[in-house]
2 protein chains.
Amino acid sequence: MIQLDARDKAILLELQQESRLSYAEMGSRVGLSPAAVHDRVKKLERKGVIRAYKIQVDPEALGLKLTAFVAIRLDNNFTGREIQPGLEQFHQIEEVHSIAGENDLLLKVRTSDTKALEALIYRIKAVPGIARITSTIVLSTALEGRPLVPGESDESIELR
Amino acid sequence: MIQLDARDKAILLELQQESRLSYAEMGSRVGLSPAAVHDRVKKLERKGVIRAYKIQVDPEALGLKLTAFVAIRLDNNFTGREIQPGLEQFHQIEEVHSIAGENDLLLKVRTSDTKALEALIYRIKAVPGIARITSTIVLSTALEGRPLVPGESDESIELR
DNA sequence: GCATCTAACTGAATCATATTCGGTATGATA
DNA sequence: TATCATACCGAATATGATTCAGTTAGATGC
């Protein structure tokens, strides 16, 4: 288990919202020199706490006007692991979760419209081992991509 | 509607996976000078296609070992819009979607463990207007944070 | 056909920032 | 007390972002 102090947490919180902050700016926010911030960030990268630097794009700008959650029930003799390679091929699938409950997998998918969603579902159905699909269409998204806040102990994240 | 050509799409695809690529490196990947890439990226930012630069962190490293989807059914005389402010206060909620179907809202939440999830659900239940909550625990996540691929017309995104 | 305008590009400055480095302080360890 | 590791700092250096003047190609209007 990696130990993160209050400054690491503050840095991670900032970078989750704006990863292009300069080390100097970050330093003045958390009370460290640019070089010290640099050290910490590199360490966080090395330890895998920081997984990647990404951009968030507006799905609509890419023509992806429809979001949906697709719940999948598998045939009894199949596991999620076995199905996964068959799902990866569809770039419309943004997330794949194995879940507990009535269904076995929950996917988050993005398509241009209902027609494209229909086509996608049809193709997913063709993947061997899939017994039943239930789709839920997203009408609107109020919150998305919020930063993750460290759990437990210190419920109040303040940087000073 | 913003028009994106093949190069814009290629740039967006790259940046969704690694937003720290230098303009020079990006230029050689898409066949442009660094300055030309710079122009394009700035334009994409200005137009809102690029919403933000972020880091992806490992939830486990933050002690967030549990992911769950929480479906909420509202009382008949409430709307998702009205409920939202009551939900924003919980930083454990990563996403809030208004959905069609049996339930009205679908939340993606992260907590440290089942105990913390229980506490969160309990507190969500206290928000006025919420009739019924159904939680689905994520056992494992196979895919997450995949890049969005432009929809429709050109199903094959190749960059030469 | 020709002048004009715009958008997108290029290469070459320039400027900001990341990165590296040597050195210091602190706390743990033997 | 000596030794070591960690985290920090300020200053130098290297890298990359940003700006800019100029070019090209494609539209537009006369």
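Note that this is a predicted model, so its numbers are computed, not measured.

Describe the overall build of chain A, with residues and values.
A count of helices and strands for chain A gives five helices and five strands. When the elements of chain A are put in sequence order from the N terminus, they spell out α-α-α-β-β-α-β-β-α-β. The C-alpha radius of gyration computed for chain A amounts to 20 Å, which surpasses the reference 15 Å derived for 160 residues by more than 25%, pointing to a less compact arrangement than a globule. Taking the principal axes of its C-alpha atoms as reference, chain A extends roughly 55 × 35 × 25 Å. Every one of the 160 residues in chain A was classed for burial, and the buried ones make up 47%. Taking contacts inside chain A between residues at least 6 apart in sequence as the whole, the part at least 24 apart equals 64%. Accessible area of chain A: about 8,200 Å², with a carbon and sulfur share of 48%.

Tell me what's going on with the sheet that holds strand S4 (residues 105–111) of chain A, and back it up with residues and numbers.
Strand order in this closed barrel of eight strands is S2(A)-S4(A)-S3(A)-S5(B)-S2(B)-S4(B)-S3(B)-S5(A), and the pairing throughout is antiparallel. Looking at each pair of strands side by side, their axes are set apart by 35 degrees on average, direction ignored. Sheet strands in contact with helix H5 (residues 114–125) of chain A are strand S2 (66–74), strand S3 (93–99), S4 and strand S5 (130–143) of chain A, and its direction is about 150 degrees off that of S5(A). Contacting S5 of chain A together with strand S2 (66–74), strand S3 (93–99), strand S4 (105–111) and strand S5 (130–143) of chain B, helix H4 (residues 80–88) of chain B runs over the sheet at an angle of about 5 degrees to S4(B).

Quick one: what's the story with the protein's contact with DNA strand C, residue by residue and with numbers?
Not every one of the 13 residues close to DNA strand C is listed here, only the nearest: A:Tyr23, A:His38, B:Ser33, B:Arg40 and B:Lys43. Here the atoms of DNA strand C within 4 Å of the protein split so that 82% fall in sugar or phosphate, with bases taking the remainder. Taking A:Tyr23, its main chain carries an N or O atom lying 2.9 Å from a phosphate oxygen of DNA strand C. Within the side chain of A:Lys42, one N or O atom sits 3.5 Å away from a phosphate oxygen of DNA strand C. Contributions of two or more residues to the surface near DNA strand C are made by helix H3 (34–46) of chain A together with helix H3 (34–46) of chain B.

Summarise the protein's contact with DNA strand D; cite the residues concerned and give the values.
Taken together, 13 residues form the shell around DNA strand D, and within it A:Ser33, A:Ala36, A:Arg40, A:Lys43 and B:His38 come nearest. Here the atoms of DNA strand D within 4 Å of the protein split so that 84% fall in sugar or phosphate, with bases taking the remainder. A:Arg40 places a polar side-chain atom, nitrogen or oxygen, 2.6 Å from a phosphate oxygen of DNA strand D. In this structure, a phosphate oxygen belonging to DNA strand D sits 3.1 Å away from a main-chain N or O atom of B:Tyr23.

Please give an account of the domain arrangement of chain A that cites residues and values.
Annotation of chain A at the domain level lists domain 1 (6–46) and domain 2 (59–137). Put simply, the middle of domain 1 of chain A and the middle of domain 2 of chain A, counted by C-alpha atoms, are 37 Å apart.

Help me get a handle on the interface of chain A and chain B, residues and values and all.
Counting residues at the interface gives 67 residues for chain A and 67 residues for chain B. When the two sides are added together, the surface that chain A and chain B hide from each other amounts to roughly 6,400 Å², 56% of it contributed by carbon and sulfur. Of all residues in chain A, A:Lys54, A:Ile55 and A:Leu148 bury the most surface against chain B, accounting for 12% of the area lost on that side. Viewed at the interface, chain B and chain A are joined by six salt bridges. One salt bridge in this structure joins B:Arg20 and A:Glu45, with 3.1 Å as the shortest N-O distance. The tally of links between chain A and chain B comes to 41 residue pairs in polar contact (both at pLDDT 80 or more). Sorting the residues of the side of chain A that touches chain B by element identifies helix H1 (6–17), H3, strand S1 (50–57), helix H4 (80–88), S3, S4 and S5 of chain A as the ones contributing at least two each.

Could you give an account of the UniProt feature "domain: HTH asnC-type" (unreviewed entry) in chain A, with specific residues and numbers?
Under the feature "domain: HTH asnC-type" (unreviewed entry), the UniProt entry names residues 4–65 of chain A. Across residues 4–65 of chain A one finds 53% helix and 13% strand; the C-alpha atoms that close the span lie 39 Å apart.

Which residues make up the relation of the copies chain A and chain B, and what values do they have?
With an RMSD of 0.0 Å, chain A superimposes on chain B once it is rotated by 180 degrees and translated 0.0 Å along the axis. In symmetry terms, the pair is related by a two-fold rotation axis. The rotation axis passes nearest to the C-alpha of A:Lys54 in chain A, at a distance of 2.7 Å. Here 100% of the interface residues in chain A have copies in chain B that are interface residues too; the copies meet face to matching face.

Can you lay out the packing of H1(A) against helix H2 (residues 23–30) of chain A for me, pointing to particular residues and giving the numbers?
Two quantities define a packed helix pair, namely the angle between the axes and the distance from one axis to the other. Residues and elements named next belong to chain A. One way to put it is that H1 packs onto H2 with a least axis distance of 10 Å and a crossing angle of 130 degrees. As judged from the angle between their axes, H1 and H2 are oblique. Two packed elements cross with a definite hand, and for H1 against H2 that hand is right-handed. Packed against H1, whose contacting residues are Arg7, Ala10, Ile11, Glu14 and Leu15, the element H2 presents Met26, Arg29 and Val30 at the interface.

The rules we used
- Residues numbered from 1 in each chain as written.
- Chains lettered and ligands numbered in written order.
- Predicted model: local features only at pLDDT ≥ 70, side-chain atom pairs only at ≥ 80, totals over all residues.
- Heavy atoms only, no water.
- Helix = DSSP H or I, 4+ residues; strand = E, 2+ residues; numbered from the N terminus.
- Rg over C-alpha atoms; globule rule 2.2 N^0.38 Å.
- Buried < 20%, exposed > 50% of the residue type's maximum accessible area, 1.4 Å probe, protein only.
- Contact = heavy atoms within 4.5 Å.
- Areas by Shrake-Rupley, 256 points an atom, 1.4 Å probe, with all protein chains shown as cover.
- Pairing = 2+ DSSP bridges.
- Axes fitted to C-alpha atoms, helices over the stretch in contact; angles between N-to-C directions.
- Near = heavy atom within 4 Å.
- Polar contact = N/O pair within 3.5 Å; in protein donor to acceptor, adjacent residues only side chain to side chain.
- Domains from an automatic or database assignment.
- Buried area = accessible area lost by both parts, 1.4 Å probe.
- Salt bridge = Lys/Arg side-chain N within 4 Å of Asp/Glu carboxyl O.
- UniProt positions renumbered as here; feature names shortened; annotations may be inferred.
- Least-squares fit on C-alpha atoms with pLDDT ≥ 70 in both.
- Parallel < 35°, antiparallel > 145°, perpendicular 65-115°, else oblique.
- Left-handed = near helix turned anticlockwise from the far one by under 90°.

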